[in-house]
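Descriptive structure summary
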Amino acid sequence: MFNDKSILVTGGTGSFGKKFIKILLEKYNPKKVIVFSRDELKQFEMSQTYNQHCMRYFIGDVRDEARLKQAMYQVDYVVHAAALKQVPAAEYNPMECIKTNIYGAQNVINASIACGVQKVIALSTDKAANPINLYGATKLASDKLFTAANNLVGNRPTRFSVVRYGNVVGSRGSVVPFFQKLLKDGIKELPVTDARMTRFWLKLEDGVDFVLKNFERMQGGEIFIPKIPSMRIMDLAKAIAPEMPIKIIGIRPGEKLHEIMCPSDIYYETLEFGDHYVIMPSTNLGMDYTHNQLGEKGLPVKDGFEYNSGTNPHFLTVDELKEMN
Ligand SMILES: NC(=O)c1ccc[n+]([C@@H]2O[C@H](COP(=O)([O-])OP(=O)(O)OC[C@H]3O[C@@H](n4cnc5c(N)ncnc54)[C@H](OP(=O)(O)O)[C@@H]3O)[C@@H](O)[C@H]2O)c1
């Protein structure tokens, strides 16, 4: 699917972008892979490792539609991974988060349609389901823009879908590197916000594989959600520092005890497939989402179904968590 194609990755220097490009180059022979992001140092460092003939590095900001249009010239597929994603930073600088995550999303849509891009997948997060913080709310707005963008294309070829998943093991600013740094600094107690807390948990390479697969599955308008395990924060603490006493410090503003990927309020828009769920767009223009482009078949979920990290039937054990970290 990606052989001899041009692929642009917004946020290509981030945790997801780098892993996506690594796997893409291992599995396929693309014509061009364009990294689109702001910081020249991150691009320089990445270009030391990823210097294949097909690699291109574009400095640009998703807030700048004209630059996106230059970068997307003759591009076949776009992965939109650029985002501001730190919950406290978004609370403190709300308009900056809105400009990047919402206006940036609309700019990616406009540029993709103008350049005749075939398929676009935007990354989303469980924090966008029933959001309680601004980061989640901007990602929900972004999801809505992307799923509704299929209504703007007329007879042009561009199709837009979304991939939503949960916490990525070891991603920048997340709990595992945070715990590891505290241990290195010689702390005597491990801080945990709330002992009841659970999270969806996946490895970055599994997130990348899921995105790659959904380029083949997508018709346009779907939010694709992988079936992934949950972890209990207390089990994670045990996996990382088995002997360390725990200090409960209280839930932080903008944090939930459990994350949701498929909200119960829209169970009637949700389909279950073998290894994933699909939330259909609320402006479903008569499309049949029960069969995807790979011929897989989805069924409606039960009334009131919710995919919640606290009630997920699949939890990781302490040993499995040890192996993942
Ligand atoms: N990490 C997780 O646990 C997780 C979970 C679920 C979903 N997601 C989603 O997955 C996506 C990728 O996350 P990640 O973990 O790879 O994030 P990351 O490591 O923080 O990378 C973010 C990337 O976006 C770029 N960027 C930020 N603002 C930009 C702008 N205005 N214009 C262009 N590029 C910009 C950054 O580079 P510059 O700063 O150089 O521009 C960087 O390349 C995000 O959409 C996030 O919401 C992440």
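About the cut-offs
Residues numbered from 1 in each chain as written. Predicted model: local features only at pLDDT ≥ 70, side-chain atom pairs only at ≥ 80, totals over all residues. Heavy atoms only, no water. Pairing = 2+ DSSP bridges. Helix = DSSP H or I, 4+ residues; strand = E, 2+ residues; numbered from the N terminus. Contact = heavy atoms within 4.5 Å. Axes fitted to C-alpha atoms, helices over the stretch in contact; angles between N-to-C directions. Disulfide = S-S within 2.5 Å. Buried < 20%, exposed > 50% of the residue type's maximum accessible area, 1.4 Å probe, protein only. Near = heavy atom within 4 Å. Polar contact = N/O pair within 3.5 Å; in protein donor to acceptor, adjacent residues only side chain to side chain. Areas by Shrake-Rupley, 256 points an atom, 1.4 Å probe, with all protein chains shown as cover. Nonpolar A, V, L, I, M, F, W, Y, C, P; charged D, E, K, R; others polar. Parallel < 35°, antiparallel > 145°, perpendicular 65-115°, else oblique. Left-handed = near helix turned anticlockwise from the far one by under 90°.

1. Some points on the sheet that holds strand S5 (residues 119-125)
Strand order in the open sheet formed by ten strands is S3-S2-S1-S4-S5-S6-S10-S15-S14-S16, and the pairing between neighbours is mixed. Looking along the sheet, the strands with just one partner apiece sit at the ends: strand S3 (55-59) and strand S16 (299-300). Relative to S3, strand S2 (residues 32-37) is paired through five bridges, and the arrangement is parallel. Of the residues in S3, the one forming a bridge with Ser37 is Ile59. Contacting strand S1 (6-10), S2, S3, strand S4 (77-80), S5 and strand S6 (159-165), helix H1 (residues 15-27) runs over the sheet at an angle of about 160° to S1.

2. Quick look at the state of the cysteines
Counted according to the given criterion, the structure contains zero disulfides. Unpaired in terms of disulfides, Cys115 finds its nearest cysteine sulfur in Cys54, a separation of 20 Å.

3. With respect to the pairing of strand S9 (residues 198-202)
Summarising burial for S9: five of the five residues are buried, a large majority. Of the two faces of S9, the one carrying Thr198, Phe200 and Leu202 and the one carrying Arg199 and Trp201 are both buried. Pairing between strand S7 (residues 167-168) and S9: two bridges, direction parallel. Bridging from a neighbouring strand, Val168 pairs with Leu202 of S9. The pairing of S9 with strand S11 (residues 230-232) spans three bridges and is classified as antiparallel. Counted as the bridge partner of Phe200 is Ser230 from S11.

4. Describing the site of the ligand
The environment of the ligand is formed by 28 residues, the closest being Thr13, Arg38, Asp39, Lys85 and Tyr135. Contact distances for the ligand include 2.8 Å between a nitrogen atom and a side-chain N or O atom of Asp61. With respect to the ligand, the side chain of Tyr135 contributes an N or O atom lying 2.6 Å from an oxygen atom. Burial of the ligand by the protein chains amounts to 94% of its free accessible area of 880 Å². Of all the secondary structure elements, the ones that give two or more residues to the shell around the ligand are H1, S5, helix H6 (134-149) and S7. Per-element tally for the shell around the ligand: the top contributor is S5, with three residues. When its residues are assigned to classes, the shell around the ligand shows nine nonpolar, twelve polar and seven charged.

5. Observations concerning the packing of helix H5 (residues 94-114) against H6
Where H5 contacts H6, the two axes come as close as 9 Å, and the packing angle between them is 15°. In terms of orientation, H5 and H6 fall into the roughly parallel class. Once H5 is placed against H6, the crossing between them reads as right-handed. Where H5 abuts H6, its residues Pro94, Cys97, Ile98, Asn101, Ile102, Ala105, Gln106, Val108, Ile109 and Ile113 lie against Leu134, Tyr135, Thr138, Lys139, Ala141, Ser142, Leu145, Phe146 and Ala149. Looking at the contact of H5 with H6 residue by residue, the classes come out as 14 nonpolar, four polar and one charged.

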